[in-house]
Amino acid sequence: MIADVETKALDLTGVNIHYGDFHAVKDLSMSYQTREITALIGPSGCGKSTLLRSLNRMNDLIAGTRTDGQVLFHGKNLYDPDVDPVQVRRWIGMVFQKPNPFPKTIFENVAWGARINGFKGDMEELVVTSLQRVALWDEVKEKLYKPALALSGGQQQRLCIARTIAVKPEIVLMDEPTSALDPISTAKIEDLLDELKKSYTIIIVTHNMQQAGRVSDKAAFMLTGVLEEFGPTDQIFFNPKNPKTEAYISGRFG
Amino acid sequence: MMFPVAGHEDFHPNMGSRKVRAATWNGIFLASTMVGVLALVTLVATLVDNCFGAVILQDAVALTDVSDAGKTLEGLDAPQLRQALQSAADQDLISPGRLAILERDGPLATRTAEDLRFLLIHEVLQPTVERAWGLTDTLFHSDEIARVKQEKFPDAELVFRSWITPDFLGRSQSRDVLLTGIRGAIIGSLIIILLAVCIALPVGVGAAIWLEEYAGNTRLNRFIQTNIYNLAGVPSIIYGMLGLSLFVRGLEGLTSGAWFGIEGVNGRTVFSAGLTLALLILPIIIINTQEALKAIPQSLRWSSYGVGATRWQTIWHHVIPAAGDRILTGTVFGVSRALGETAPLVVVGASAVLTLDPSGLFSKFTTLPMQVYTLSQQPQEEFKHLASAAIIVLMIILLGLNSVAIVLRGRMKKTKEAA
């Protein structure tokens with residue numbers, strides 16, 4: 001039983017999310033394995049980004065959102081009243097669709113999150129290793145104190161990933177992290193995901209079917225707020241059990 | 001049709017009438033701009049016209065009556081000036097008592113030539129302005145001016161005068177047109193503005209942060225928001241009434257300094273004026289700061305929350321620095337408004353005549369716009385020229401404050417982009 005808990009990074013039971021009157025995620029139960037990449041796929045408006053944001057209580061920031069159900073992290077429900085969402089986000093980091101580095105230097109972008117979380121170690125080393133892990137170090141080592149906004153879109157997005165892993169989270173949530181990037185930058189980030197998987201559990205929302213097929217170990221297909229099918233990526237893509245999944249994968253709708 | 005492309009018979013490009021309409025609107029917009037420019041040019045031209053020009057100065061006592069050393073004052077040295085003052089006293093042109101007072105302020109024997117010349121002019125010769133002209137009259141109707149001088153004031157002096165002089169800036173109020181100044185009003189305006197900003201900026205920015213970053217979208221908050229927008233549009237004289245009843249009367253102990261052991265003053269002080277103007281610019285600062293915070297993209301806040309920052313860390317490290325330049329712009333807008341306000345300060349009790357400079361929070365006060373009003377209400381023609389001079393000083397201070405803000409804003413923007 002304990003071993004089972006240990007391999008589940010997050011365990012969801014009966015999660016329902018409402019935006020005002022709109023029921024965005026309906027009675028969803030699933031779990032994410034540690035050090036695996038899970039892709040959430042489905043047509044626009046199916047609730048996959050909403051689900052992703054509920055995993056580190058980012059939805060709290062959107063007025064009118066209500067989340068019910070259980071999201072267990074290390075045996076603790078993230079939605080228990082004594083849980084501080086600020087602490088949740090520190091363990092479960094997030095990378096957004098559009099690269100959004102802080103309007104500060106490259107160094108500060110990586111160091112800031114660690115500093116506000118009380119990091120007392122060698123800050124320079126942390127910044128260097130974080131940038132190395134996202135394969136950005138060689139490109140920025142000469143301009144660590146230059147504005148991050150001067151970097152290209154792809155570099156900015158890798159910087160955002162470095163910023164997220166610099167606080168040493170357990171889980172990294174990615175909300176369509178490459179949809180604003182060109183194919184070469186996208187390929188770099190996909191390569192990076194394979195590397196990051198060794199240390200982090202990654203949950204990624206993507207509209208790009210090929211990307212989901214290339215990078216993920218498991219895939220979850222959602223439709224109108226319902227989890228239709230969840231399983232190993234190969235099975236979902238090549239042998240879907242649910243006819244709706246099959247229809248979506250084969251491009252008949254969505 | 002210009003290009004004979006087949007299959008487009010349903011399209012009627014109508015280029016002629018479209019171009020005419022475009023040109024018409026273009027002309028209307030240009031004309032609107034020109035009206036604005038013209039109004040501004042007229043304003044500046046009128047002020048400058050009033051501020052410089054020919055004046056006829058008539059001495060009450062001729063220089064030759066008290067001195068035979070030279071025709072002009074500038075030609076006299078210190079001993080000759082002392083001699084002239086003595087001779088005036090001998091002829092009873094200056095009272096012995098007045099001379100004794102001057103002697104006590106600073107012995108004549110030790111005063112500089114410049115100082116003595118000033119005394120001789122204003123104590124003995126006592127020139128008065130008989131007539132004054134604007135700059136355009138001076139330049140284009142000089143024969144007419146010369147004729148008036150010849151016919152009506154043959155022994156007077158015709159000089160070209162700038163009504164803005166170091167004396168005008170550096171002296172306090174006086175009944176004498178040639179001696180009066182606006183030093184007290186400049187000091188009063190600056191202290192009151194400083195006080196108002198020191199109070200309204202922290203309160204206003206704090207309120208804006210609460211409304212924008214903390215408050216939820218409840219009925220009460222929407223009500224508060226609507227009222228702040230309404231407050232920004234309330235006529236300023238109503239703020240004056242509020243200041244009068246709240247600060248001058250209600251909190252008289254505080255605003256007169258009585259609670260701090262200062263006696264013999266009423267509540268019509270610099271303190272009351274500063275508090276009143278702070279209330280006046282508070283909604284302006286709140287609204288402008290809110291607009292500045294609204295302009296910060298939500299993604300910046302999210303990226304901060306995403307690494308585990310608290311709301312306060314997000315606001316302090318990211319939102320305020322990113323909004324700083326716009327907040328400053330809003331504050332300058334408020335300051336400009338407050339600097340020009342007259343009505344509320346009349347109600348709160350600005351002095352029309354104030355010969356003592358305001359020296360602290362509990363002094364009586366006057367301000368530049370108040371002085372402009374007072375000067376323009378004087379019956380003598382010459383005071384109109386002084387009013388124009390005071391307006392120019394007010395506008396220079398305003399432009400100065402604005403340029404400081406523009407420089408600061410540019411610097412903040414640069415660090416924001418570079419950092």
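You'll find the structure just up there.
Since the model is a prediction, treat every value here as computed from it, not as a measurement. (Residues numbered from 1 in each chain as written. Chains lettered and ligands numbered in written order. Predicted model: local features only at pLDDT ≥ 70, side-chain atom pairs only at ≥ 80, totals over all residues. Heavy atoms only, no water.)

A.B. asks: Just to check I follow, could you spell out the interface of chain A and chain B for this structure?
C.D. replies: A common measure of how large an interface is: the accessible area buried when the components associate. Each partner contributes residues to the interface: chain A has 23 residues there, and chain B has 18 residues. Between chain A and chain B we count four residue pairs in polar contact (both at pLDDT 80 or more) in total. Listed by contribution, the elements that provide at least two residues to the side of chain A that touches chain B are α3 (85-91), β6 (92-95), α4 (106-116) and α7 (153-165) of chain A. When grouped by side-chain class, the residues that make up the side of chain A that touches chain B number twelve nonpolar, six polar and five charged. (Contact = heavy atoms within 4.5 Å. Polar contact = N/O pair within 3.5 Å; in protein donor to acceptor, adjacent residues only side chain to side chain. Helix = DSSP H or I, 4+ residues; strand = E, 2+ residues; numbered from the N terminus. Nonpolar A, V, L, I, M, F, W, Y, C, P; charged D, E, K, R; others polar.)

A.B. asks: Would you take a moment to explain empty space enclosed by the protein for this structure?
C.D. replies: Sizing a probe to match a water molecule and rolling it over the atoms shows the empty space that remains. Residues and elements named next belong to chain B. Overall, the coordinates contain two cavities of 30 Å³ or more when judged by the stated rule. The space that makes up the largest cavity amounts to roughly 40 Å³. Residue lining of the largest cavity: S189, I192, I193, L277, A338, L339, E341, L345, T367 and P369, and that is the complete set. Elements represented by at least two residues in the lining of the largest cavity include exactly α9 (183-214) and α15 (311-340). For the lining of the largest cavity, the element with the most residues is α9, which contributes three residues. Residue composition of the lining of the largest cavity, by class: seven nonpolar, two polar and one charged. Of the pockets and cavities examined, the second largest cavity occupies roughly 30 Å³. Taken together, S172, Q173, G181, I182, R183, G184, A185, L354, T366 and Q371 form the lining of the second largest cavity. Of all the elements, α9 adds the most residues to the lining of the second largest cavity, at three residues. Across the lining of the second largest cavity, the residue classes break down as three nonpolar, six polar and one charged. (1 Å grid on protein atoms, 1.4 Å probe; cavity = no way out; pocket = protein on both sides within 12 Å on 5 of 7 lines; lining within 4 Å. Points joined across faces, edges and corners; volume = space filled by probe spheres on them.)

A.B. asks: Whenever I open this one, the packing of helix α11 (residues 236-250) of chain B against helix α13 (residues 270-294) of chain B confuses me. Can you help?
C.D. replies: A pair of packed helices can be characterised by two numbers: the angle between their axes and the separation between those axes. Residues and elements named next belong to chain B. Two elements in contact, α11 and α13, have axes separated by 9 Å at closest approach and are oriented at 135°. Regarding the angle of α11 to α13, the classification is oblique. In the crossing of α11 with α13, the sense of the turn from one axis to the other is right-handed. Contacts from S236, Y239, G240, L242, G243, F247 and V248 in α11 reach S272, L275, T276, L279, L280 and P283 in α13. Considering only residue class, the contact of α11 with α13 consists of eight nonpolar, five polar and no charged. (Axes fitted to C-alpha atoms, helices over the stretch in contact; angles between N-to-C directions. Parallel < 35°, antiparallel > 145°, perpendicular 65-115°, else oblique. Left-handed = near helix turned anticlockwise from the far one by under 90°.)

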